[in-house]
Amino acid sequence: MLFDELERDAVTEMLNVAVSRSAAALSRMVGKPVAMSVPDVRAVSRAEALGTITGNRNTSLIAVGEQFSGPFSGRALLVFPEARSLHLVQAIVGEHLSLEEIADLEEDAMIEVGNVILNNCLSGIANMLGCRIEATLPHCFQGGGEQIFKRTIRDGDSGVILCTSIAFSIRDRDIGGFIILLMDLNAISNLRSAVARSVDGVRRGLPDPRNAP
Amino acid sequence: MTDTTARTVMDELDMGVVIVDDGRRIALWNTWMVRHSGISRRTAVGVDLFALLPAMAGGRVELAVRDALDTGLSAVISHHVNHDLFPLLRGDGMTDERVAQSIVVRPTRTRRGVGCLIQIYDQTAAVERERKLRAQRSARYHAVVDAARDCFITVDEDGAIWGMNPATEERFGCTAAAMQGQPITRLLPQLRDLPLLGDPLVAIRAIGAGGKEFDAEISMGSWLNNGVRHFTLFIRDVTERNMAAENLRRTERIQALGALTGGVAHEFNNLLMVIRANAELVLGTVEGEAAARAAEIVQAADRGRILTDGLLSFARRQPLNPVRVPLDTAVEDIQRLAAPLLGVAVDIAVAPIPAGTVAMADRTQLQNALLNLLINARDAMPDGGRITITAGPEPEPEQCHIAVTDTGTGMTPEVLEKACEPFFTTKDQGRGTGLGLSMVAGFARQSGGDFLLSSRPGAGTTATIRLRSATADAPTDDGNGDDTPAPTLPPPAASGDRGRRPGARRGTGHAGPWRPPRRRRRPWAGRPGISGGRGFRPAGDRHHAAPRHERGGPGVRGATDVSPAGSGADVGLSRVRHDPAGRGAPGGHPAQALHPRRSGTGHGHRPAATARRRGRIVMVHGSEAVSRSVLGLTLIGRAPIGSPPSASATGSVPQFRAP
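Residues numbered from 1 in each chain as written. Chains lettered and ligands numbered in written order. Predicted model: local features only at pLDDT ≥ 70, side-chain atom pairs only at ≥ 80, totals over all residues. Heavy atoms only, no water.

S.K.: So what exactly am I meant to see when it comes to the packing of aromatic side chains here?
M.R.: One pair of aromatic rings is described through two measures. These are the centre distance and the angle between the planes. All names here are of chain B. Per the stated rule, a full pass over the model turns up two aromatic pairs over all chains. Residues Phe152 and Phe234 carry aromatic rings whose centres are separated by 4.7 Å and whose planes lie at 80° to one another, so their mutual orientation is edge-to-face. Taken together, the residues span a long stretch of sequence, with Phe152 in strand S6 (residues 151–156) and Phe234 in strand S10 (residues 228–237) at a distance of 82 residues. The class of Phe234 is partly exposed, set by a relative accessible area of 31%. (Phe/Tyr/Trp six-rings, centres within 6.5 Å; stacked < 30°, edge-to-face > 60°. Helix = DSSP H or I, 4+ residues; strand = E, 2+ residues; numbered from the N terminus. Buried < 20%, exposed > 50% of the residue type's maximum accessible area, 1.4 Å probe, protein only.)

Below, the structure written as structure tokens:
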């Protein structure tokens, strides 16, 4: 077990705070309430991560990825089944657009949504570790799970994959996706010690996300 | 590259460049920004970006700037998703529209340390181009889909609705806006099993607006949009098509049945005639038990003949002799003929018939048909009621109609549909053969008209025979069939009639243009001691037969159905012809002979004649032949007007056109 239960809770809580901030940002963008939650975080193998995001079905996925570097490095991915992503985009850009128009906007909108969510997660981690990280501009990937992983999380990559599902609720739509974080071993050990240090902080309670700017 | 060079390059760029320091103060504000924001560099530089542009405070750009400064993260920001980006106007001298911008925010370094680079791209031209392309692309699509009367629905692979055309909104009573994102099963619950999506053709019973059911034929197309499978459902209402197909199937079935029964009946009839003729020969030569048996053979053959006549009529293989039949006199005649049959509980009323309504039809067959309809009407009103006869010209030229309406029990749609099929009857076992209406329909069609039934449970039935109107030069049934042979319709199956016409003519010399032979008549006539000795009158002897007509028809009351006169003797036939008004038409006496099973009701003699009566049996036959023919009727199958009443009366009166 990579994390003990408390540490896992702490990481989960940290990501929840991060996505709550994302939700606040998206909510402002959309002009409607947006709720987002991260139920749990698990350390998984690449194959498990792949099985999780594809649901063991040959569905088409859309992923937004960022690469980060600094004191720790790795890759962050936000993955949606493509059909869901269209709903997400429709929920974000508005119901008045037709399917074709939404499909045209899909990549733009997904990159931005992914950017908001991943940046919040990364900045949450960076805050927790008390360091700066540099992240690239987000890229969009489409295709099957294996195709996306080939270009983002390679077989030979060392490191640990943190995988969590993420549930959106926008305009009465519930849209489920996944966040995949690939971190190198250095990042994971830093994270573990940072988590340990901040467990107390977690217990005291992090700032209320609704008050976040 | 010197600072000056760098600044010159920045100012030359066709995009906005802003750099802020770690205090969010503007360090660089390039010329493009000056031009499109209307804010001079002097005003901008050194000022907090979000104090300068307070509308952007708290927005997406501020968050991105914060992430870039605090953590080192980059962001892309699209005008598609955000509405509160930089307040920039195009300022191209033509329009004052806002610049559609996509923004990249990334960390950078300034002389003072951490900074943030904001790049702003003008997407207005691209947006306009996309809009035009999209409009062009969808114009043809919408022209087709929005004008289509069929339903078009687009769903994704999860079955969520993405769009629908106006026909769908109308058909299902919903709006596209309300249904967007909803599962397709809300409109078509049968598509619950998603594997159905992708089937090229699905036929289901769908429920549209107002709960109205219809047969839906759904063809599906599937297409990929950015890797996502979508399905377009084309939903067509095929209710009418299915009904037409069902009608066609029924018509074909009846036609096949007609061809079969017609062929069999024809051949069988010939055999019956041989049997009957020989039995009569035997009857003339034997006494006692043997004679009684021979008489029974004769009677059985007659009953068989009645049945085959009905079948022939249904199969439209009855020879017809169309003449001018003024409908007013025809109705008058049938009213008088039928009165004794209808009983006291049934009123009969005749609506005024426009003078000069003259149909072109076989008079005898028309009377058969009408009598069948009247009897059906009577049977549909077990507790009495009113029968109304109407007749007159049709709106279509050259057509007229005659209709019989009752106030009886009516028919359910199911019964109505089958009413004209042969052997279909709702009457009790043994009370009818189910040939009545099929004969009427067969006669109407063979006469160049058609037959319609309209009925509703509990609301009575109207049976309408439509016929061709007679032309002025059409032959008149003036009662002299010998002198003015009417033009005839050729028999459909000539093969079965070979060599028969001469026989018919031999029989009476005035059998009309042609008739199936009545060979049983008079093969013995010339023999002394047969006809005379037994005191029977040859069927052809109408002078003797005539008085019997005066007897009226107590026995006929028992008769239930009427079949063509063909089975009767030619003398009867010719008598009809000789009596244009049909006034000689009597009730006749021989119900028991015609309808043996009913004779137990006290209206006549037992048909199974004993030796005591055997002489009379032949007489009965003879007079029966006469009276029956004069009536133009024999007794045959019952049509099903008298179906049980049902509470499920609907608003419209279902109609059935005999195929």
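S.K.: Teacher, can you tell me more about the packing of helix H11 (residues 327–342) of chain B against helix H12 (residues 363–379) of chain B here?
M.R.: Two quantities define a packed helix pair, namely the angle between the helix axes and the distance between the axes. Residue and element names in this part refer to chain B. At their nearest, the axes of H11 and H12 sit 10 Å apart, and the two run at 45° to each other. With respect to each other, H11 and H12 are oriented oblique. Judged by the sense of rotation from one axis to the other, the crossing of H11 with H12 is right-handed. On H12, the residues touching Leu327, Asp333, Ile334, Leu337, Ala338, Leu341 and Leu342 of H11 are Arg363, Leu366, Gln367, Leu370, Leu371, Leu374, Ile375 and Arg378. Residue composition of the contact of H11 with H12, by class: eleven nonpolar, one polar and three charged. (Axes fitted to C-alpha atoms, helices over the stretch in contact; angles between N-to-C directions. Parallel < 35°, antiparallel > 145°, perpendicular 65-115°, else oblique. Left-handed = near helix turned anticlockwise from the far one by under 90°. Contact = heavy atoms within 4.5 Å. Nonpolar A, V, L, I, M, F, W, Y, C, P; charged D, E, K, R; others polar.)

S.K.: Can you help me understand unusual backbone geometry in this one?
M.R.: With glycine set apart, most residues show a phi of negative sign, and most peptide bonds adopt trans. Residues and elements named next belong to chain B. The backbone phi angle of Arg24 is positive, close to 65°, even though this residue is not glycine. When its relative accessible area of 24% is taken as the criterion, Arg24 is described as partly exposed. If you check the backbone angles, Glu398 has positive phi at about 65° while not being a glycine. Looking at the secondary structure, you find Glu398 in the loop between strand S14 (385–393) and strand S15 (399–406).

S.K.: Help me understand a nonpolar patch on the surface, please; the structure alone is not making it clear to me.
M.R.: Taken together, Leu260, Val264, Phe268 and Leu271 of chain B make up a surface patch of nonpolar side chains, about 410 Å² in accessible area. Position of Phe268 of chain B among the secondary structure elements: in helix H9 (residues 239–285). (Patch = residues over 30% accessible without salt bridge, like charges linked within 9 Å, V, L, I, M, F, W, Y side chains within 5 Å. Areas by Shrake-Rupley, 256 points an atom, 1.4 Å probe, with all protein chains shown as cover. Salt bridge = Lys/Arg side-chain N within 4 Å of Asp/Glu carboxyl O.)

S.K.: What is the right way to read the pairing of strand S16 (residues 450–455) of chain B from this model?
M.R.: Consecutive side chains of a regular strand alternate in pointing toward one face of the sheet and then the other. Residues and elements named next belong to chain B. Counting buried residues along S16, six of its six residues qualify, which places the element largely inside the surrounding structure. Alternating positions in S16 separate into two faces, Asp450, Leu452 and Ser454 on one and Phe451, Leu453 and Ser455 on the other, with burial throughout. Across six bridges, the pairing between S16 and strand S17 (residues 461–468) is antiparallel. Paired with Ser454 across the two strands is Thr462, which belongs to S17. In textbook terms, the turn of a hairpin is the stretch between consecutive antiparallel strands, and for S16 and S17 this stretch comprises five residues, one of which, Gly458, has a positive phi near 80°. (Pairing = 2+ DSSP bridges.)

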